[in-house]
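Residues per chain are reported as follows:
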Amino acid sequence: MSTTETGTAAAGAPGGGPSGGPGDGAGAPRRGIAARIVGRVGGGVAQFLLIVVAVVWLVPTFGLLVASLRSTSDNGASGWWKVFSKPGQLTFSAYSDLLGKGDFVDSFWNTVLITVPATLLVVVIASLAAYAFAWMEFPGRDWLFLVVVGLLVVPVQVALLPVAKLYGSVRIGSFHLFGSITGVVLFHVAFGLPFAIFLLRNFFAAIPRDLLEAARMDGGSEWTIFRRVIFPLGGPAIASLAIFQFLWVWNDLLVALVFADTGSQPMTKWLQSQMRQFTGNIDILAPGAFLSLIVPLAVFFAFQRYFVQGVLAGSVK
Amino acid sequence: MTAPKDQAPGEDGTPPGDGTPQGRESSPEAADTTAASGGAPAAVAPGTNADGTAATATARTAKSTRGLTPPSWLSLTFLLPALLLLGFLVMYPIVFSVVRSFFGADGHSFAGVDNYTGIFKGHDNLVTVRNTAIWVVVAPTLVTVLGLIFAVLTERIRWSTAFKLVVFMPMAVSFLASGVIFRLVYEQDPNMGVANAAVVAVHDTFQPGAGYPGAGPRTGNDALGTQQGDGTIVSSRQYAPGQSALLPLLRIKPEDLPTKPVQAVQPPAAKPGELTGAVWFDFTKGGGGNPNQPNAGESGLPRIKVEAVRDGKVVGKATTRDDGTFTMKKVKGDGPVTLRLPKSNFTASYGGAQWLGNTLITPAIIGSYLWVWSGFAMVLIAAGLAAIPRDALEAARVDGATEWQVFRRVTIPLLAPVLTVVLVTMVINVLKVFDLVFIIGGGDPHASVLALQMWVESFGGGNDPGKGSAIAVLLFLLVVPAMLFNIRRMRRERA
């Protein structure tokens, strides 16, 4: 989280206590010891409040983890926090049972098969378009870009019915687009594009003109420039985008619910189908939900810097 | 996002301390001042970690060398894949949905605006509309306020990075997983759901109750106690220190018994000056057993308060153990006492709030939404805070402003553009909220919102694509102001 880190470091001085800044001399007599004590106490109160908040934020996920590590009968008899008095209750049996279920394992691989292509395709297609928007001249360019910006906020709900109908009409031999992984992927790509183009165009536009012109002067074709100059320089923005798209697709439920069938369903849809009996199915739902969130969480912790950048750059979706 | 320009400060009214004229940039200098002045969350956007942002502005101004630009047909090949996908899967569906929304369920009969008026007809539909309104007003406001509080408070601690990670983390978790997490949190039974466990713990600290409603002594000749009108039970005979008392109870509801009952036993022998006793459920399953004696298979009653009373004054107190026995170590004064089980033992124990009941379900789901999104607001606002010029704050402090005044009069106005962006983003997001309501609400009509109702009408059993389309179009229309807000922002930036 490098960006925010530097931010708070800079803000730390004046925020930390009233007597921080160099221009303090004149004001010091007016805010004497009393103000300083208030500052200290204020800091202590802030500490305390934030500890409470951090605990409140962690407890729900921690509860899920513990519940997933207890047997069905223990979960039925008492709350997960009782584990502190009986650590011996912890067991991996729910996980091994779940991983023994063929349809869950299939749904895990479907999630991967949906997420990876949907992420790669968005990166490639959006980079090409963003390059054209940033560095090529064509009639209606600005107008078209504003349309893309407008599409940023379109709710997926608008497209569910029409696209379902459209997919239903696409049948090539025994292949039906509706219910296929391809259909789910294409939908995710299309709805990922406005944000992706928006993010990348703004980043590509910031690449110094001299660099491009030098390359064009050297006679490099647009493809070469795209591959050799833009794509490598766009690294950080592309990383932000890829992480965003990855998380968005991995975590999606609604699109899968509409366009996937039981053969192509991702984990989210499979887990949803187990929700009807919540307490009765907790031995499936808790480990399943935890397995489904562990991958995005790992991605988040590994690449949080790019994730935060993406949030800051694209706060419109 | 050529960072600084995107969020020109003074979106609505120029914040104090920002001396930059609002003329739209183009000189590197202007770009720099805008970056330094407040309210640019994007000041920390991708641009920053590549080449300096000033370079952008220079590049922009020099739009001259036309000879080198490629022919425009070439740009079409770069754009084609994106345009095809956007055209077929985003633009065309919008048009299709609008048209479809004017037709009935079968798709042939023209329905006029019936599908739209239908959204506001009938009890369940109105609840859905009301819930959506609550969501749109409450959730974005709370997310922004929490984000602001967290962002300001983290400036005062050393472990701010760790804190931000913790609060930001749920953003990476799917709504489905968040839904499962919060279904678990909101479980009704205080022995299962952590929310009610906390509520009950707090409640019982102030108003403890053992929770054996309806219980009472045996009536008739062999009764060892009598029950008063308010539920209090008083022993029939008196006990002197050094004696032991038997206080059998009947009419205990099975669900009020301890989950792991402990065999009732005879009270321990009382030492001089002590009073001991046993309270138990004097009922042997399947019959048999001696009345007024703790027989095998009978359960002790834990957590019952016992008081010793002499001349109307409480002279001793004890609480029963898991096996139902108690020991009253100190009994003030001399002489025999009456034993009393106060009425608090026989009021229903507090079971916590009905989080997923009709009234609280929407606030409860909004609570889980706050858990997911507050980190987002915090990160954006923290970036905005970091971009506020220190001079403005210091100047106010030198002038003798208190920290609160500085916050209220300087920080907040400078942050206004960021707060607006967060609020607008959240409103758009809230209108689309589906998964959380679907998972936590579990189909309860009291929790429904438009985004969920759209799915229900179209795919989840409603079987009316006309109505579904109408709701989708309504959702789309509701985000149009946000769309225009974004476009205006972009145009201003590029003008």
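The rules behind each value
Throughout this document, residue positions are counted from 1 along each chain, in the order its sequence is written. Ligands are numbered from 1 and chains lettered from A, in the order in which they are written. In view of the model being predicted, local features appear only for residues whose pLDDT reaches at least 70, and side-chain atom pairs are presented and counted only at 80 or more, with totals across whole chains, interfaces and linings using the full set of residues. By definition, any uninterrupted DSSP run of H or I lasting at least four residues is a helix, any uninterrupted run of E lasting at least two residues is a strand, and each is numbered from the N terminus. Counting other C-beta atoms within 10 Å of a residue's C-beta gives its exposure: the residue is buried at 20 or more, exposed at 12 or fewer, and partly exposed in between, where C-beta atoms are placed from the backbone. Here, residue contact means that the backbone-derived C-beta atoms of the two residues sit within 7 Å. The classification used treats Ala, Val, Leu, Ile, Met, Phe, Trp, Tyr, Cys and Pro as nonpolar, Asp, Glu, Lys and Arg as charged, and all other residues, Gly among them, as polar. Directions from the helix axis toward the C-beta atoms define the arc. One bridge is not enough; two strands pair if DSSP finds at least two bridges between them. Axes, fitted as lines to C-alpha atoms, cover a helix only where it is in contact. Angles between the N-to-C directions of the axes lie from 0 to 180 degrees. Per-residue confidence from the prediction method is given by pLDDT, with values spanning 0 to 100. Here the word oblique covers every angle except those under 35 degrees (roughly parallel), over 145 (roughly antiparallel) and from 65 to 115 (roughly perpendicular). For any pair of crossing helices, the crossing counts as left-handed if the nearer helix is rotated counterclockwise from the farther one by less than a right angle, and right-handed if it is rotated clockwise.

With that settled, the discussion passes to the overall build of chain A. Of regular secondary structure, chain A possesses 15 helices and two strands. Counting only residues that meet the buried cut, chain A has 47% of its 317 residues in that class. Taking all contacts inside chain A whose residues are at least 6 apart in sequence as the whole, residues at least 24 apart take part in 71%.

The next point concerns the overall build of chain B. Secondary structure summary: chain B contains 15 helices and nine strands in total. Split into buried and exposed, the 495 residues of chain B put 46% on the buried side.

This part is about the interface of chain A and chain B. Listed as interface residues are 109 residues of chain A and, on the opposing side, 112 residues of chain B. With 16 residues, helix H2 (residues 33-68) of chain A is the single largest residue contributor to the side of chain A that touches chain B. Taken together, the residues of the side of chain A that touches chain B sort by class into 74 nonpolar, 27 polar and eight charged.

The set of residues buried in helix H10 (residues 222-233) of chain A consists of Glu222, Ile225, Phe226, Val229 and Ile230 of chain A. The arc that holds every buried residue of H10 of chain A, seen down its axis, measures 125°, which confines them to one face. Facing away from the buried side of H10 of chain A by over 90 degrees, the exposed positions are Trp223, Arg228 and Pro232 of chain A. Against helix H5 (102-135), helix H8 (181-205) and helix H9 (209-217) of chain A together with helix H4 (72-100) of chain B lie the buried residues of H10 of chain A.

Residue and element names in this part refer to chain B. Summarising the sheet, strand S1 (residues 225-227) and strand S2 (residues 233-239) pair through three bridges and their orientation is antiparallel. In the sheet register, glutamine 227 faces S2, and the bridge partner there is isoleucine 233. In this antiparallel pair of consecutive strands, S1 and S2, the connection spans five residues, and glycine 231 shows a positive phi of 110°. Bridge count between S2 and strand S9 (residues 337-341): four bridges; the pairing is antiparallel.

Time to look at helix H11 (residues 390-398) of chain B. Residues and elements named next belong to chain B. Along H11, the residues that are buried comprise Ala392, Leu393, Ala396 and Arg397. The arc enclosing the buried residues of H11, seen along the axis, measures out at 135°, which places them on a common side. Phi for glycine 400, located one or two positions after H11, is positive at around 90°.

Moving on: the sheet that holds strand S6 (residues 305-310) of chain B. Where strands meet in a sheet, backbone hydrogen bonds hold them as pairs that are either parallel or antiparallel. Residue and element names in this part refer to chain B. Read from one edge to the other, the open sheet built from five strands follows the order S1-S2-S9-S6-S7, with strand pairing classed as antiparallel. Here the strands that pair on one side only, and so sit at the sheet edges, are S1 and strand S7 (313-319). Here the strands of the sheet are splayed against their neighbours by 25° on average, with no regard to which way each runs.

It is worth spelling out the environment of threonine 61 of chain A at this point. Locating threonine 61 of chain A in the fold gives a position in helix H2. For the pair threonine 61 of chain A and leucine 293 of chain A, spaced 232 residues apart in sequence, the C-alpha to C-alpha distance is 9.9 Å.

Before going further, it helps to spend a moment on the pairing of S6 of chain B. Residue and element names in this part refer to chain B. By the bridge criterion, six bridges tie S6 to S7 in an arrangement that is antiparallel. Within S7, the residue paired with glutamate 307 across the bridge is lysine 317. Joining the antiparallel neighbours S6 and S7 is a turn of two residues, in which aspartate 311 adopts a positive phi near 55°. Both S6 and S9 contribute to a ladder of three bridges, which runs antiparallel. Across the sheet, residue glutamate 307 finds its bridge partner in S9, namely arginine 340.

Right, let's talk about the confidence of the model for chain A for a bit. Low-pLDDT portions of the prediction should not be read for the details of their coordinates. Residue and element names in this part refer to chain A. Residue-level pLDDT values for chain A average 80, and 85% of them are 70 or greater. By mean pLDDT, helix H1 (residues 2-16) is the weakest element of chain A at 35, and H5 is the strongest at 92. Within the model, the stretch residues 1-30 combines pLDDT values under 50 with 62 contacts to residues more than four positions away or in other chains.

With that settled, consider the environment of arginine 408 of chain B. All names here are of chain B. In this fold, arginine 408 is placed in helix H12 (residues 403-431). On the basis of neighbour counts, which here come to 12 C-beta atoms within 10 Å, the residue arginine 408 falls in the exposed class. Between the C-alpha atoms of arginine 408 and serine 72, which are 336 residues apart in sequence, the distance is 52 Å.

Now for unusual backbone geometry. Residues and elements named next belong to chain B. Of note, arginine 251 is a non-glycine position whose phi angle comes to about 60°, a positive value. Here arginine 251 lies in the loop between strand S3 (244-249) and strand S4 (275-281). Accessibility expressed as a C-beta count within 10 Å gives 14 for arginine 251, which makes it partly exposed. With phi around 55°, aspartate 311 is a residue other than glycine that occupies positive phi space. Within the secondary structure layout, aspartate 311 lies in the loop between S6 and S7. On the basis of neighbour count, aspartate 311 is assigned to the exposed category, with 9 C-beta atoms found within 10 Å.

Residue and element names in this part refer to chain A. Contact pair helix H6 (residues 141-151) / H8: the axes reach a minimum separation of 8 Å and the direction vectors enclose 125°. Taken together, the axis directions place H6 and H8 in an arrangement best described as oblique. In this structure, H6 meets H8 at a crossing whose hand is left-handed. Touching Phe145, Val148, Val149 and Leu151 of H6 are Pro194, Ile197, Phe198 and Arg201, all from H8. Among the residues forming the contact of H6 with H8, the class breakdown is seven nonpolar, no polar and one charged.

A few words on the confidence of the model for chain B. Residues and elements named next belong to chain B. Considering every residue of chain B, the mean pLDDT works out to 78; 84% of them sit at 70 or more. Of all secondary-structure elements in chain B, the lowest mean pLDDT belongs to helix H2 (residues 28-36), at 34, while helix H6 (residues 123-154) reaches the highest, 91. Low confidence marks residues 1-66, where pLDDT is under 50. Its contacts with residues over four positions away, or in another chain, come to 150 contacts. Confidence metrics for the complex model read pTM 0.73 and ipTM 0.82.

With that settled, the discussion passes to the packing of H6 of chain B against helix H10 (residues 361-386) of chain B. Residue and element names in this part refer to chain B. It is at 6 Å that the axes of H6 and H10 come closest, and there the two elements cross at 45°. The angle between H6 and H10 places the two elements in the oblique class. The hand of the H6/H10 crossing is right-handed. Taken together, the residues of the contact of H6 with H10 sort by class into 19 nonpolar, six polar and no charged.

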